[in-house]
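In case you want the letters, here they are:
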Amino acid sequence: MLRPNPLALTLALLVAPVASTIANAARSPEFVGTDAPMASNAIYFVMTDRFVNGDTSNDHRHQGGAHPTWNIPVPGAPKGESANIGYLGGDFKGVLDNAGYIKGMGFGAVWITPIVDNPDQAFTGGDPVHWGSKFTDRGKTGYHGYWGVNFYKVDEHLPSKGLDYRQFTAGMHADGLKVVQDIVLNHGSPAFTMPVRQPQFGQIFDKNGKLIADEQNLPPYQLDPVRNPLHRFYHAYDDLVQLSNNDDQSPMVLNYMVGAYEQWIDEGSDAFRIDTISHMSTTFWKQFSARIRAKHPGFFMVGEAFDYSPDNIGKFTWPQNGGISVLDFPLRGRIADVFEHPHSDYAQILDRLYLTNGPYQNPYELVTFYDNHDMARLNASDNGFIDADNFLFTARGIPAIYNGSEIGFERGKAEHEGNRNYFGQQRIDNAPKSPIYQHLKRIATLRERTPALQRGLMLPIRFAGQQASFYRVYQKGDIHQIALVLLNKGDQPAAFNVSDKLQAGTWKPALDGTAVDVPANGSLKATVAAHDVQVYLLNAQASRPDLVAELTRLMQERGHPPH
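Residues numbered from 1 in each chain as written. Predicted model: local features only at pLDDT ≥ 70, side-chain atom pairs only at ≥ 80, totals over all residues. Heavy atoms only, no water.

1. Comments concerning the pattern of salt bridges
Tallying each qualifying case throughout the model produces 29 salt bridges. Across the pair Asp224 and Arg227 runs a salt bridge whose closest N-O atoms are separated by 3.5 Å. Given a relative accessible area of 24%, Asp224 falls into the partly exposed group. Through salt bridges with shared partners, a single ionic network connects Asp137, Lys140, Asp374, Glu415 and Arg420. (Salt bridge = Lys/Arg side-chain N within 4 Å of Asp/Glu carboxyl O. Buried < 20%, exposed > 50% of the residue type's maximum accessible area, 1.4 Å probe, protein only.)

2. Here's the deal with the layout of surface pockets
Size it by volume and the largest pocket reaches roughly 830 Å³. Together, 30 residues line the largest pocket, and Phe135, Phe306, Asp374, Glu415 and Arg420 are the ones closest to its centre. Of the residues assigned to the lining of the largest pocket, the class counts are 11 nonpolar, 10 polar and 9 charged. For the second largest pocket, the calculated volume is near 350 Å³. As for the second largest pocket, its lining consists of 19 residues, of which Ala36, Arg293, Gly298, Phe299 and Phe300 are closest to the centre. Grouping the constituent residues of the lining of the second largest pocket by class yields 8 nonpolar, 7 polar and 4 charged. (1 Å grid on protein atoms, 1.4 Å probe; cavity = no way out; pocket = protein on both sides within 12 Å on 5 of 7 lines; lining within 4 Å. Points joined across faces, edges and corners; volume = space filled by probe spheres on them. Nonpolar A, V, L, I, M, F, W, Y, C, P; charged D, E, K, R; others polar.)

3. Considerations on the nonpolar core
With 132 residues, the main nonpolar core has Phe168, Leu185, Trp285, Phe288, Phe391 and Trp507 as its most contacted residues. The greatest single-element share of this core, amounting to 9 residues, is contributed by helix 5 (residues 251–266). Of all hydrophobic cores here, the second largest spans 22 residues; its members include Met47, Trp111, Leu327 and Val367. (Core = buried A, V, L, I, M, F, W, Y, C linked by side-chain atoms within 4.5 Å. Helix = DSSP H or I, 4+ residues; strand = E, 2+ residues; numbered from the N terminus.)

Listed below in structure tokens is the structure:
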């Protein structure tokens, strides 16, 4: 008869719990919306020329000769209102000087408008700009950066002595901010309809300053790419107003753009926002993204397809089409419907979240927003902005805020009505007095320190009337966090009583209040003030069976279903 070994028994008893823990950890499912690094960073969008003039020595106030570029008011403005289509002086220094302001609000990234060289005159073709006009460019300058003529060269209005683009990105990084560079590949500058040809318009120069493309002020149908080498960069048909239309089937265009934007990555760009992505083929984007990511794996890119149809914009996110995220216009439409109208129903938002089997490869990687420089700013009350921010910074996606929206700047105004007006240092210094700013900072800094709000799955509980409630769950590695979000956009305090899939445990308030101990099959009762938010956190592994089952389904059906 074999006698048991006392030492072996002792070791077995010691090892068993450890082995059990390891086995349980191995069996613990992962619940992740996204692990894309950019998802941790809310984005502050700066129209660089209109933010802060940090260095007047680079203003070039006398540039342009007969077609000057400095300070050009839009004609026809109502009394007391203004808009401008000239340069107003914002630059890299103005952004970098206010990095602390941006970071202090809870943002981790800054999206800046294109940095590439633009024409040195105001455009004389097209239709004249007047108050409230759209798709009009006569008299306008390239202050916005979207009229590139040399994509390898920084526009002279942006850098300062000792502050080129590389030094700017290094400074932003030192202040804890990533730089999202706005890039344009679809078009260059306005290219035709000028009464007399103007230098640079309709032209493209290479890294060494050599002219490689020139529309020569010809309407696109008169271009001859077969016989004229300078026409080969362009399609022989028009696209957007008078802008040159880069040929997305041309290897020359692809090579030029890849080279230019690899240069800017090497100089510190952390991500790209791609202008007018839907105006070029998915074949082109597949090639572009593959070449960028061959050198920079996982490099984050988000495209602008100004389209409220998810069927039209979702395809850009699919791997076979380049795997590029998009700005979430479909959700933005519902955000405006809900937060611009005080008595709207939160339920309007639900069918634009697309949390399962939707049109996007991953809905959690979309960049969410409620306004930008190309559309009328959100036309909401202070409370409407506060409610919109509370939703944006707790729901799925990567929130982006246009500079000025933290104080409701020029609310409701479109492009030639003040949307792009100069913001300035004085407004920045006064911003902390604004209730919109105060609430934005509160919810943005909460997101900044809460993994579940950044990267967790989203499980709606109830969206109805003035209230919404949902879970955000992130479970991976050493992080197990369940967030319960309660939103009230009403004018009165709202009572919440949540029991649906509510896991037992001690739920701690992330903002204020006292912890709530929830027993098995219990409920969490809370009152949320008017136009406010509360988030309760449970730092524990999801274990309640119906919650785990629903999270498992969300994981399995998170992306666009394969065909």
